[in-house]
Amino acid sequence: MSEINTNSLLQTLEAELKGFESKISTDKVGTVIEVGDGIARIAGLKDCLASEMLEFSKGVKGVALNLEESQVGAIILGDYLEIKEGDIVKSTGKVLSVPVGKGVVGRVVNPLGEPLDGEGPIKAEDIYPVERIAPRVITRQGVNTPLQTGIKAIDSMIPIGRGQRELIIGDRQTGKTALAIDTIINQAGQNVICIYVAIGQKESKVARLVAKLKEREAMKYTTVVVAGASDPASLAFLAPYAGCAMGEYFMDKGQDVLVIYDDLSKHAVAYRQVSLLLRRPPGREAYPGDIFYLHSRLLERAAKLNKNYGGGSLTALPIIETQTGDVSAYIPTNVISITDGQIYLESDLFYQGIRPALNVGLSVSRVGSAAQVKAMKKVAGRLRLDLAQYRNVAAFAQFGSDLDEITKQQIERGKRVTEILKQGQYEPMPVEHQVAILYAVTNGYLDDIPVEMVKDWEKRFHQFMKGQAVLKELSEHKELTSEIEERLKQAIDDFKKM
């Protein structure tokens with residue numbers, strides 16, 4: 001009996017040995033020589049790549065940032081208290097990447113593409129590197145399609161085009177985020193994918209924003225990337241690049257994307273923190289020397305691609321917070337010089353009740369009327385002029401009492417234009433309604449309406465215009481032809497008679 005058992009065991013062993021293949025696996029490993037404050041110094045990682053993903057013990061991930069002669073400086077993406085001196089670090093051979101695709105839309109994720117909304121894992125269609133070279137000149141084309149924000153003052157005087165980089169700048173609590181969120185809400189039905197990147201924001205604020213976007217059904221086409229105030233500086237540093245990579249996937253597929261970076265001041269501070277911990281030499285205001293490159297390589301990824309490359313676009317709306325309106329500080333001037341214009345929000349105007357608190361004199365779009373529908377271009381030309389004249393005359397009018405009729409008329413018109421340009425939060429307006437009301441105010445139809453009644457007049461005017469055929473024609477043709485203009489005049493006259 002024992003002989004039979006021995007024979008069967010030998011046969012089994014022989015069969016196993018015949019099918020045996022030796023597998024050799026190699027891991028490139030290093031040793032942690034110093035750890036603390038979210039960074040680690042590692043010895044022994046000879047073939048490490050820049051921005052390579054590293055794996056520490058207990059599953060904590062990191063990214064190689066400093067490649068020095070004898071060691072590697074890495075930022076830790078997680079709890080650095082889990083890591084100890086002497087721990088083994090593995091290099092993964094992969095550059096830091098994030099999951100991209102339709103599965104990311106409608107989700108709240110962290111900068112590594114991990115879900116934060118409790119709605120299960122993300123179904124990624126592809127993986128994109130976080131750092132990517134911006135589209136080259138030959139692949140681009142001029143910005144020529146408007147990105148409607150739904151905000152009268154911006155769409156008329158500071159138009160934003162698809163593929164543009166327009167900076168939103170102002171002190172804290174002047175309505176910068178509100179302006180960005182209104183723009184997202186207004187993209188409903190416009191076939192634009194939106195990505196909102198919250199950098200160093202309070203989690204409670206982000207939760208309120210997400211709730212508002214869900215309420216307005218805007219989360220259907222929006223991704224929220226969050227590096228909260230309690231997250232490590234390394235995640236705040238990576239967040240805008242991750243958001244941009246998620247947008248680039250759709251741009252490469254020929255779609256239009258809007259990315260909002262809220263805000264790049266906190267991003268620069270996070271990068272300064274990481275750089276100083278990695279012992280990079282400090283420059284002006286203790287920022288590292290490559291702080292300009294930090295933002296330029298991010299914002300240059302916004303582009304409108306030509307038809308040969310799919311015709312997609314990525315529009316960037318970076319936000320910068322100033323201290324007491326100082327736009328000449330280091331980071332604001334850097335970002336102003338990279339972008340194609342800026343929307344400047346002022347505290348004084350905000351407290352006067354002019355909201356959005358837009359300083360029309362300092363705000364500019366370097367793409368200009370190329371990114372406007374023809375009807376808006378025709379109406380808005382007069383608007384800027386009327387406002388500029390009003391600002392000039394109003395400054396002198398407070399010193400003199402006897403004014404001539406023309407000056408009085410300019411002041412009265414200016415007051416009504418200012419009143420019409422006021423707009424509540426979460427109330428974006430379709431472009432045809434904007435054209436109708438701006439046409440009415442610039443052509444003097446509101447000159448006989450008392451200033452305090454203007455908002456009420458406007459509200460009733462929009463309700464009346466909803467039933468008019470001329471509005472549908474404006475929406476379809478996007479042009480103010482002489483026939484449409486006559487019908488618009490007739491509609492305004494009919495409303496005034498009522």
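Residues numbered from 1 in each chain as written. Predicted model: local features only at pLDDT ≥ 70, side-chain atom pairs only at ≥ 80, totals over all residues. Heavy atoms only, no water.

## Regarding helix α6 (residues 264-277)
For α6, with 14 residues, the first-to-last C-alpha span of 20 Å sits near the 20 Å given by 1.5 Å per residue. All of the buried residues along α6 are Leu264, Ser265, His267, Ala268, Ala270, Tyr271, Val274 and Ser275. Regarding α6, its N-cap is Asp263, as a side-chain oxygen of that residue lies 3.1 Å from the backbone nitrogen of Ser265 further along. With its phi angle positive at about 65 degrees, Arg279 sits one or two positions after the end of α6. (Helix = DSSP H or I, 4+ residues; strand = E, 2+ residues; numbered from the N terminus. Expected span 1.5 Å × (residues − 1). Buried < 20%, exposed > 50% of the residue type's maximum accessible area, 1.4 Å probe, protein only. Polar contact = N/O pair within 3.5 Å; in protein donor to acceptor, adjacent residues only side chain to side chain.)

## Digging into the side chain of Glu52
Among the structural elements, Glu52 can be located in strand β3 (residues 52-55). Side-chain polar atoms of Glu52 contact the backbone nitrogen of Thr92, separated by 3.4 Å. In this structure Glu52 touches Asp47, Gly62, Val63, Ala64, Ser91, Thr92, Gly93, Lys94 and Val95, once residues within four positions along its chain are discounted. (Contact = heavy atoms within 4.5 Å.)

## Examining the state of the cysteines
Such a bond, covalent and formed between the sulfur atoms of two cysteines, is termed a disulfide. Under the definition given, this model contains 0 disulfides. Cysteine Cys244 is unpaired, with the sulfur of Cys194 as its nearest cysteine sulfur at 14 Å. (Disulfide = S-S within 2.5 Å.)

## Description of the packing of aromatic side chains
Scanning the model with the defined rule gives 10 aromatic pairs in all. Aromatic pair Phe237 and Tyr241: ring centres 6.0 Å apart, planes at 70 degrees, arrangement edge-to-face. Of this pair, Phe237 and Tyr241 are both found in helix α5 (residues 233-252), 4 residues apart, which corresponds to roughly one turn of the helix. Of the two residues, Phe237 and Tyr241, neither departs from the other in class, the shared state being buried. (Phe/Tyr/Trp six-rings, centres within 6.5 Å; stacked < 30°, edge-to-face > 60°.)

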